[in-house]
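Chain by chain, the residues:
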Amino acid sequence: PREDGDASGIVLESLRKDGVRLLCCGKDLKLSQADAGRVRLAVESHSKRYEEVVDKLLVAVGRSPNVEGLGLEAAGVAYSKKGVQVNDQLQTTQPDIFAAGDICSPYQFTHAADFMARTVIRNALFFGRAKASALTIPWCTYTEPEIAHVGLYAQQAEEQGVALDTFTRELAEVDRAILEGRTRGFVRVHVRKGSDKMVGATIVAHHAGEMISEITLAMTNGLGLKHIAASIHPYPTQAEAVRQVADAYNRTRLTPFTKKLFSRWMAWRR
């Protein structure tokens, strides 16, 4: 539900094709024992009541930080039920004590914890001033197809007052995806309006988690879409979709005025 609506819609359709029945936004859930060790599930979904008998019940309850028994109170380290309190340099309320990873991060991913730990090493051992907020953190949801994302969503950009231009390439227009019969998906990149500076991207594809790294690399190093457009990608690959998004940006640079000048130049050359 937190992802781009078009991306979530593709995964929803894929789940249903696989035979998954979804009773979303459940209310008034009741469980009871049924025959042969099965479970009776009663729930209201979108104002309709359902009663189902199922073989197994899998409950995803999430995670909570393990802060008990660490002596944080004695050390004067502030924490809450959400985890340990840190600043942007990952210092706790005791400046000589640092924290990294799920215990203090809104991004509960192994790769995010890895790079936060690198930030701690720089700051704790080498007197660095590296900031966790400077990290460009991608993530991937390993559904079929995968959803990968980095940076801002369009709604977040709007809330922050960042005007956007958005470029999308459907996989149905990418030869490799057509050859493999995996045409449900897209590459979508948001740039600051009037520029090629990328502020966010969403990819829905069979290997979206692999594809997002190219955009993450560009964002981390301040490279724009025109740099991706200028980079040759092997054909046929799904990653070509990323370059084709960049090509779409390049086409916007051919304004009517530029086109008029170009036409005059070509006429003079002839």
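## Digging into the sheet that holds strand β6 (residues 138-141)
Pairing is antiparallel in the open sheet, where five strands are placed in the order β6-β7-β10-β9-β8. Edge strands, defined here as strands with exactly one partner in the open sheet, are β6 and β8 (164-170). Direction aside, neighbouring strands of the sheet carry axes that sit 10 degrees apart on average. Where strand β7 (residues 146-151) and strand β10 (residues 198-205) come together, six bridges link them in antiparallel fashion. Paired with V150 across the bridge in β10 is A201. Here helix α6 (residues 208-220) sits on the sheet in contact with β6, β7, β9 (186-192) and β10, set at roughly 170 degrees to β10.

## Looking at the sheet that holds strand β3 (residues 48-54)
Sheet strands associate in pairs through backbone hydrogen bonding, adopting either a parallel or an antiparallel arrangement. Pairing in this open sheet of three strands is antiparallel, and the strands run β1-β2-β3 from one edge to the other. Looking at strand neighbours, the two that pair on one side only are β1 (27-33) and β3, the edges of this open sheet. Neighbouring strand axes in the sheet, compared pairwise and without regard to direction, differ in orientation by 15 degrees on average. Where β1 and strand β2 (residues 39-45) come together, five bridges link them in antiparallel fashion. Looking at the pairing, Q33 lines up with V39 of β2.

Scoring rules and cut-offs
- Residues numbered from 1 in each chain as written.
- Predicted model: local features only at pLDDT ≥ 70, side-chain atom pairs only at ≥ 80, totals over all residues.
- Heavy atoms only, no water.
- Pairing = 2+ DSSP bridges.
- Helix = DSSP H or I, 4+ residues; strand = E, 2+ residues; numbered from the N terminus.
- Axes fitted to C-alpha atoms, helices over the stretch in contact; angles between N-to-C directions.
- Contact = heavy atoms within 4.5 Å.

In short, the description is geometric, and any link to function would need to be established separately.
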